[in-house]
Structures are given as structure tokens and as C-alpha cells.
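Residues per chain are reported as follows:
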Amino acid sequence: MALVPYEGNPLPALSKLHSSSAEFRFANQELRLAQDWKKLGVAAVVWDAAVVMCMYLELGAVELKGKKAIELGAGTGLVGIVAALLGAHVTITDREPALEFLSANVNANLPPRSRDTVIVSDLTWGQGLERFPGGFDLVLGADIIYLEETFPALLQTLEHLCSDTTVVLLACKIRYERDTNFLSMLRHRFAVEEVHYDKDRDIHVYKACRLPGRTDL
């Protein structure tokens, strides 16, 4: 669900979201991500949680080289692109309306040698999960915890994708009580710990692993 686009000058704090692109340097490569707030809303801008997630991945706390990863709610694709540049085989997912935009960013920012390690696919949480048989080493999500009505489907999707050895990394800003409520829901099914906090951006990174004995919903 996207925010309703609007006309006029944005607030200064939001001005970067209305830029047509955002530039970064990760994995020793210059990246330029297209943004399109007016057309796709929140799905088409780079949020701080994605930036902090990429910074955390660069720290090397989680092994990426040769690992099988999936990104949920990818938006611009920044996190999945950086994971691929760091050596992972990545399935980058979002809802169908965002896929053309997402694919364009992936193709524009991955060198040819890395494109074979990335798949862009539509995924609506809780639907058609049989198309994703699991076996992922890593599940990534940046700023995907914000719509309370999606929480049950997100939890269902996480449980489906995760084996007992899968690591889930979620980067988020704790804005509202519902955000902490999601983490409480997650702790019923996963062992959850905070592994990183970016004070300047007020972004938390949580690591979650499925509790022993849990089975798919």
C-alpha cells in the first residue's frame, strides 16, 4: 500500500524522497537508484532502513558469499542489489505493480557478471508461497513493518521461507506501538535479538531465527 502522492514542495526532511534518484557507494561500487514517489509512493523511494541494512551487511557480521537470500518488500531493490554485490544469490521480491521499476534498478546497478545471481519476482505476503520452496539461508527486510493489517501474512511468509538454519534480518524504525507489537508476535515463533542500532538514523536491525519445533503455518 503506497502513500497517496501529492503535489507541492515537500517538507525539507522528505525532500530527498522526492528526488528522481538516490546515490550510494556500497561493495566498492557507485549505485544510482531511481525513485518515483509520485507514481509508486513508498515502494519507490530509498528509506533509511535500507541504507542501514546495507551498511550492516558490509560489516560482514553475516556471511553472504554463495548464500541463498530473499528480500521481501524490496521497493527500489537497494538491499538485494548490495547483497548480490557482496556475493549472495538473491531473489528480490515485491508486489507486481513495483516489478518493472524494481527490475530497472537491478539491471542498472548490477554488473553483467552479477545479474545471473539475481531473480526479481512478485510476492504478495501470504499468497502463492508454494512458488518459493524455501531453503533460504537469509531473509532480508528493510522497513517492511508498518502496516498492521499485513502482519499475519508477513509472519506466515517468514515461517514458510525459513528453515531451522535460516537467518532473518529486519531493519526498521520503531515509530508506533504497532511496530513493537509485531516484534512481540515474531518472538512467539522466532528467537529475536537486536544486532545493530544506527543512532543517527534511529534504525534498529533485528536478527531472528525460527524457534526449534516450529512448523510452517
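Structure: above.
Residues numbered from 1 in each chain as written. Predicted model: local features only at pLDDT ≥ 70, side-chain atom pairs only at ≥ 80, totals over all residues. Heavy atoms only, no water.

Caption draft 1: Region of interest: the packing of helix H2 (residues 48-58) against helix H3 (residues 78-85). For the pair H2 and H3, interaxial distance at closest approach is 9 Å and the crossing angle is 15 degrees. With respect to each other, H2 and H3 are oriented roughly parallel. The chirality of how H2 crosses H3 is right-handed. Where H2 approaches H3, its residues Ala50, Val51, Met53, Cys54 and Leu57 are matched on the opposing element by Leu78, Val79, Val82 and Ala83. (Axes fitted to C-alpha atoms, helices over the stretch in contact; angles between N-to-C directions. Helix = DSSP H or I, 4+ residues; strand = E, 2+ residues; numbered from the N terminus. Parallel < 35°, antiparallel > 145°, perpendicular 65-115°, else oblique. Left-handed = near helix turned anticlockwise from the far one by under 90°. Contact = heavy atoms within 4.5 Å.)

Caption draft 2: Quick look at the sheet that holds strand S5 (residues 118-122). An order of S5-S4-S3-S6-S7-S9-S8 is seen for the seven strands of this open sheet, with the pairing classed as mixed. The strands lining the two open edges of the sheet, one partner per strand, are S5 and strand S8 (190-198). Pairs of neighbouring strands in the sheet enclose a mean axial angle of 20 degrees, with direction left out of account. Here strand S6 (residues 138-142) pairs with strand S7 (residues 167-172) via five bridges, running parallel. Of the residues in S7, the one forming a bridge with Gly141 is Leu170. Sitting on the sheet, helix H7 (residues 177-187) touches S7, S8 and strand S9 (203-210), and the angle it makes with S8 is about 140 degrees. (Pairing = 2+ DSSP bridges.)

Functional significance is not addressed by these values, which are geometric in nature.
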